[in-house]
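Descriptive analysis of the structure
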Amino acid sequence: MAVRRNPVAIGLVAVVAALVAVNGAAIFGDRVALWVDDALQLSTGLTAAVCGFVVARRHTGPQRWWRLLIAVGMAGWSGGQLVWSWYQLIGNRGLPSPSLADVGYLLLPVCALPALLVLGTARERPELRRSFWGQAPRPPRRLSPPTPLWQPRPWTAHIGTAVVLDGLVVTGSLFVLAWAAALGPVVQARPPDALTWAVAIAYPTSDLVMVVMAVLLVVFDRVDRPYRANLLLLALGVVALAFSDSIFAYLVSIGAESMKPWSDAGFVLGPLLIGYALAASPVERQRDSESHPGTQEWWQLALPYLPVLAVGVLFSVQLMLGGGPDVVETSLGVAVVFLVVARQLISLLDNRLLLRRVYEGQRQLTHQAFHDTLTGLANRALFADQLDLAVTNGARQRLVLIFVDLDDFKDVNDRFGHAAGDRLLHAVGQRLLSCVRSTDTVARLGGDEFAILLEGELDAPEVIADRLRAALRRPFAVHGTLVTVRASMGLVALDPSEPLPTGDVLLGRADASMYAGKRLGKDTAVVYQATPNGPPDFATALRLADGGMLAGFGLAFQPIVRLADESMVAIEALARWTAPDGTGVSPETFVPAAENAGLGAALDALVLDLACREVVAAGLDLAVHVNICAARLGDPALEECIAAALKRHRLAPGQLVVEITETVPVLDLDAGAAAVRRLRDLGVRVALDDFGAGYNSLAYLHALPVDLIKLDRALTTGIEPERDAALCRSMVRLCADLGLAVVAEGIETAEQAEKIALAGCTLAQGYRFGRPGPLSALPTTQQAHS
């Protein structure tokens, strides 16, 4: 506790203490010593009273009232001392009891008790601070109310019990001391009347109450720090007065004829200390850890046990002198011992609780150090550790690293605000987490960048990327608006034949692949392949092919089955491209790149020609589905290309199904309907792909005379099963009424297949029935037609 030290005040206390010590020796005789002793008591008491009245005028509120109360009490005490001195020095006779001096003396505890209560409730008010030697300092100008640097938070569940036990220990110990010194002899004496007995017992009782209250206020830190010096000085003064009072009562009880000036030291130093307490100015609050409210210094923690130590010393002295504690002292001593034991048990419980909270705090700090605060996912540091561990362990042959960057996420922040963007990032993190196993690691590296580490038995990287993109395509709700999130991904599969790379190297490769995909077009997934020639460029390669076969280009075929017996009834041709450097580029990357370069028609022609050729070469009697961009519906060149391919490869027109994809909307529905009719006149069937998503709508069903629709996976594997099932049933029923066949896309589990079958759908496509692959991998023994 910081106390403002005044050299003059300290020197004056030292001088007065030395004067008391010298006067106690009675160098000039007992009579002179008695005069000096009474003069010192009266002068210090009057000085304290005058100081209290003067300083109180400079304060307001509680700071004025506790000073006025103490000043009145010291004035009464000084009046009692004046009566005492008159009888002792002038009258040369003993003071009768009770007398006017008792009224004055007892006025001090009557005023001191409420003064201590007022001081205990005082709170810091900087604008009322005033130095004893000058005016109050002007408070600093503030733009807003001050806030404390630190708020105390009790870490123990037993704080109330501990306070009560400490208070009882202090009270019980001081009562034992007071009983042995003054209260016991007074109670056991036989006064001539009840009034005399009451006055006699009032002194030790009032002293005990004052000392206990002052000690408890100091121990339990009940006064704001600016006024702590006032409380400490006031408590010391009260204890000094009570000490000399106890000596006086003890001497009276044993029949002593006189009281030496040494015994009156408390009557001299006590008022002097009280006077300093009244005059002391508030101490400025320190801006460091020691000034935090609620903290206690070592002496405050030890203070409750000093009276206990004094009781032990008292009992030891009594036993050494041949006596011993009486029944009251013994009973209270035993009670204090039990209270101390109980207090120590509480301390043990508190220490155990503290250790537990420290451990929990360390765990929380560790979690915060290695996890992203926004999403709760692993952060970059933890992900780097997990990646290094995965690279060096025995499962390094089965490791896939995925770098995910959300496309155009800045638009979300600009449109909905950063708070909504943060919530969306959290939702994206949870969505990614739901797509992997509990043993895999998903991390947020910062901003809108995520990373995923997969270990163990894994699918091909392209399959994993398709699953993640499909999960992210399910809309997110942001402020009541559905927002679709697109992501560019870079994938790295660890090559067992490669010298052991570091985690930083793998992360850099994934990052480079992701940015290579962004250059090709957003919403991409690029698998890393070592190349000296930079990222693959599909549009340039397609343009250089000039209508011929593109190097690395091929088709994968996925079966379409009848749900009743899961027999294959058709196949869909899906474009695949492997760049010259060996990088596998997904269709979501190279198809938009071709469209943006104005090469969409060339790509469609290449896929159509290759699909017809491979189906005829394999001798399959199955329908083959080929995707065509909706923007070319109605283009005569498309119809000529289809007719030429059928003729060139001698494929029956009924085996070809043209799927209109959702890349762009059909702007002229009338022209589109006419084009569909012309294709049907050729014998070619037409399907609407991804119905229920993108630009496909009920208006297409009304305007375009198609033969088949393919339900988007969002309607068959959505996040709201009951609602999705109801929509699926409605769409199937509507298509049945229109005479249209329905294929459910994206079926991956037996449960999903059962649900769409119950909805009335008879055809399905998805990983549940077969993954895309070459024609040679398809079950050719089942020959059917759609």
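These numbers come from a predicted model, not from an experiment.

About the thresholds
Residues numbered from 1 in each chain as written. Predicted model: local features only at pLDDT ≥ 70, side-chain atom pairs only at ≥ 80, totals over all residues. Heavy atoms only, no water. Helix = DSSP H or I, 4+ residues; strand = E, 2+ residues; numbered from the N terminus. Contact = heavy atoms within 4.5 Å. Salt bridge = Lys/Arg side-chain N within 4 Å of Asp/Glu carboxyl O. Buried < 20%, exposed > 50% of the residue type's maximum accessible area, 1.4 Å probe, protein only. Axes fitted to C-alpha atoms, helices over the stretch in contact; angles between N-to-C directions. Parallel < 35°, antiparallel > 145°, perpendicular 65-115°, else oblique. Left-handed = near helix turned anticlockwise from the far one by under 90°. Nonpolar A, V, L, I, M, F, W, Y, C, P; charged D, E, K, R; others polar. Expected span 1.5 Å × (residues − 1).

Attention shifts here to the side chain of aspartate 448. Looking at the secondary structure, you find aspartate 448 in the loop between strand 2 (441-446) and strand 3 (449-455). Setting aside anything within four residues of it in sequence, one finds aspartate 448 in contact with Val404, Asp405, Leu406, Phe409 and Leu425.

Before going further, it helps to spend a moment on the pattern of salt bridges. If charged atoms from side chains of opposite charge come close, those side chains can pair. Overall, the coordinates contain 18 salt bridges when judged by the stated rule. In this structure, the salt-bridge partner of arginine 473 is aspartate 523, at a minimum N-O distance of 3.3 Å. Of this pair, arginine 473 sits in helix 15 (residues 461-473) while aspartate 523 is found in the loop between helix 16 (503-520) and strand 7 (525-527), placing the two residues 50 residues apart along the sequence. Judged by relative accessible area, which is 29%, arginine 473 ranks as partly exposed. Across the pair lysine 710 and glutamate 572 runs a salt bridge whose closest N-O atoms are separated by 2.9 Å. Of this pair, lysine 710 sits in strand 14 (residues 708-711) while glutamate 572 sits in strand 9 (residues 567-578), and the two are 138 residues apart along the sequence. The same class applies to lysine 710 as to glutamate 572, namely buried. One connected set of salt bridges, linked through shared partners, spans Glu572, Glu659, Lys710 and Glu745.

What follows deals with the environment of alanine 33. Positionally, alanine 33 belongs in helix 2 (residues 30-56). Look at alanine 33 and you get buried, because its relative accessible area is 3%. Here alanine 33 is in contact with Asn23, Ala26 and Pro261, once residues within four sequence places are set aside.

Where helix 2 contacts helix 8 (residues 265-279), the axes come no closer than 8 Å and their chain directions differ by 15°. The angle between the axes of helix 2 and helix 8 places the two elements in the roughly parallel class. The handedness of the crossing between helix 2 and helix 8 is left-handed. Taking contact as the criterion, the partners of Asp37, Leu40, Gln41, Thr44, Gly45, Ala48, Cys51, Gly52 and Val55 in helix 2 are, on helix 8, Phe267, Val268, Pro271, Leu272, Gly275, Leu278 and Ala279. The residue inventory of the contact of helix 2 with helix 8, partitioned by class, reads 10 nonpolar, five polar and one charged.

Moving on: helix 3 (residues 62-90). Compared with the 42 Å implied by 1.5 Å per residue over 29 residues, the 41 Å span of helix 3 between its first and last C-alpha is a close match. One or two residues past the end of helix 3 sits asparagine 92, with phi positive at roughly 50°.

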